[in-house]
Amino acid sequence: SLFLIFPPMKKTTVAVVSFALLAVLAAPVRSEELPDLYSLHLDVARPSYVFSGSFQTDTQFGPYGSTDIAEGEAFFDFGKIDGILWGTFGLTGHAHGLYFIDNPNMSSLPDGLVDAYVEPSFVIRFTNGWSWRVAAQPGLYSDVTEPSFGCPASVEAYFAASPAFSIVLGGTIRPGWDIPFVPTVGLRFSYEDMLRIELGCPRSRIDLFPGYILSFFAQGEWSNITYGLEGKNGIPEDLTWDEIRVSAGTSLRILGTWIVTGEIGTFLERELSADVAENHAMDLSKEPFVRISVSSSF
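Residues numbered from 1 in each chain as written. Predicted model: local features only at pLDDT ≥ 70, side-chain atom pairs only at ≥ 80, totals over all residues. Heavy atoms only, no water.

A. Molecular detail of the overall build of the protein. From N to C terminus, the protein includes one helix and 17 strands. For the protein, with 298 residues in total, the buried portion stands at 36%. Taking as baseline every contact in the protein between residues at least 6 positions apart, the subset at least 24 positions apart corresponds to 50%. Surface accessibility of the protein: about 16,600 Å² in total, with carbon and sulfur atoms responsible for 64%. (Helix = DSSP H or I, 4+ residues; strand = E, 2+ residues; numbered from the N terminus. Buried < 20%, exposed > 50% of the residue type's maximum accessible area, 1.4 Å probe, protein only. Contact = heavy atoms within 4.5 Å. Areas by Shrake-Rupley, 256 points an atom, 1.4 Å probe, with all protein chains shown as cover.)

B. Just the side chain of histidine 41, in detail. Structurally, histidine 41 is set in the loop between helix 1 (11-31) and strand 1 (49-60). When its relative accessible area of 17% is taken as the criterion, histidine 41 is described as buried. Separated by 2.7 Å, the side chains of histidine 41 and serine 166 make a polar contact. Beyond its immediate chain neighbours, meaning those up to four positions away, histidine 41 contacts Tyr158, Ser166, Ile167, Val168, Gly186, Leu187 and Arg188. (Polar contact = N/O pair within 3.5 Å; in protein donor to acceptor, adjacent residues only side chain to side chain.)

C. Highlighting the packing of aromatic side chains. Enumeration over the complete set of coordinates arrives at 12 aromatic pairs. One aromatic cluster is present, built from ring pairs that chain together Tyr49, Phe51, Phe76, Phe78 and Trp258. Lying over the aromatic face of phenylalanine 217, arginine 205 brings its terminal NZ or CZ to 4.3 Å of the ring centre. The ring of phenylalanine 267 carries arginine 270 above its face, with NZ or CZ at 4.0 Å from the centroid. (Phe/Tyr/Trp six-rings, centres within 6.5 Å; stacked < 30°, edge-to-face > 60°. Lys NZ or Arg CZ within 6 Å of the ring centre and 35° of its normal.)

D. Inspection of the pattern of salt bridges at higher detail. In total, this model carries 10 salt bridges according to the counting rule given. A salt bridge links arginine 133 to glutamate 156; the shortest N-O distance between them is 3.5 Å. Taken as a pair, arginine 133 in strand 5 (residues 130-136) and glutamate 156 in strand 8 (residues 153-162) lie far apart in primary sequence, 23 residues in all. In this structure, arginine 133 and glutamate 156 share a single accessibility class: buried. Where salt bridges share partners, they join Glu71, Glu243 and Arg245 into one cluster. (Salt bridge = Lys/Arg side-chain N within 4 Å of Asp/Glu carboxyl O.)

E. Broad picture of the nonpolar core. Residues Phe61, Phe100, Leu109, Leu113, Leu239, Trp241 and Leu272 are the most contacted members of the largest nonpolar core, which totals 17 residues. When residues of this core are traced back to their parent elements, those giving at least two are strand 3 (87-100), strand 13 (214-228) and strand 14 (238-254). Sequence-distant contacts of leucine 272, that is, excluding residues within four places in its chain, are made with Phe61, Met106, Leu109, Leu239, Thr240, Trp241, His280, Ala281, Met282 and Leu284. (Core = buried A, V, L, I, M, F, W, Y, C linked by side-chain atoms within 4.5 Å.)

F. Representation of a negative patch on the surface. Where like charges cluster on the molecular surface, the negative patch consists of Asp178, Glu269, Glu271 and Asp283. With respect to the helices and strands, glutamate 271 occurs in strand 15 (residues 258-274). The partly exposed category is assigned to glutamate 271, whose relative accessible area is 31%. (Patch = residues over 30% accessible without salt bridge, like charges linked within 9 Å, V, L, I, M, F, W, Y side chains within 5 Å. Lys, Arg positive; Asp, Glu negative; His and termini not counted. Charge placed at Lys NZ, Arg CZ, Asp CG, Glu CD.)

G. Summary view of the side chain of glutamate 119. Locating glutamate 119 in the fold gives a position in strand 4 (residues 112-125). When its relative accessible area of 12% is taken as the criterion, glutamate 119 is described as buried. Reaching out from glutamate 119, the side chain makes a polar contact with the side chain of glutamine 137 at a distance of 2.9 Å. For glutamate 119, the contacting residues outside a window of four places in its chain are Gly90, Leu91, Thr92, His94, Arg133, Ala135, Ala136 and Gln137.

H. The environment of glycine 262, seen in detail. Tracing the backbone through its elements, the reader meets glycine 262 in strand 15. By relative accessible area, glycine 262 is classed as partly exposed at 26%. For the pair glycine 262 and serine 251, spaced 11 residues apart in the sequence, the C-alpha separation amounts to 6.5 Å. Not counting residues up to four positions away in its chain, the partners in contact with glycine 262 are Phe217, Ala248, Gly249, Thr250, Arg291 and Ile292.

Next comes the structure, spelled out in structure tokens:
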């Protein structure tokens, strides 16, 4: 690490000087023509939009009751703009929600939870294989009837050793959440166009025949989200949903751009916690789930 020590200056002055130094250091590198260095983390084609839904039956909430849970998710890629400050600006949108079909005898549990946000990002790439990405996720993380806003932010460094191997190291800062920092660390490896392996946190995944008409996958993923609640009349101010799920499935490519995916899985860990006097955390039953996804590109 390199640390520069400046005499006392105003915050705005420090910001301007820091930005100027970054521009001076980056300009000579970016002025050269970039080689065709493919990154498995940054260059793998992804759909422009994805819609998915899953259903989990008879989930038991600790010593309380049980309920079926419907889950939905949507992703939109609004595209990228190159050449901004020697880098690439991108914008995506994400929406995810949980709906509890019945209340499991818990007065503090809302009917549904939602995390929906836009993610502006900036990526700068260098000729030595290194890349940097900064992003923010401002949006709604709360009960569907009582909006509560948050803004996690992430910084990640990537290194593409070859077109078949790349690594990532970084993390996401989440002020006020149950876990205020989540690391992003891992590697990706591919063997020709037959096999792609991702190992890391918060997700690991194996794809067999990715991009083919018929492909197969298996994955494990950790998710930890803190939702803001009303915080009145005995209801806690926030609720954290924490889970580790594993699944496997297959994808069918239709007419070149449309992809239909079927997936079945279960949970290794599943916990609900809130800032209350008792029952601060409770285990949820680990029922199997089925998820259907539809995706395509513009």
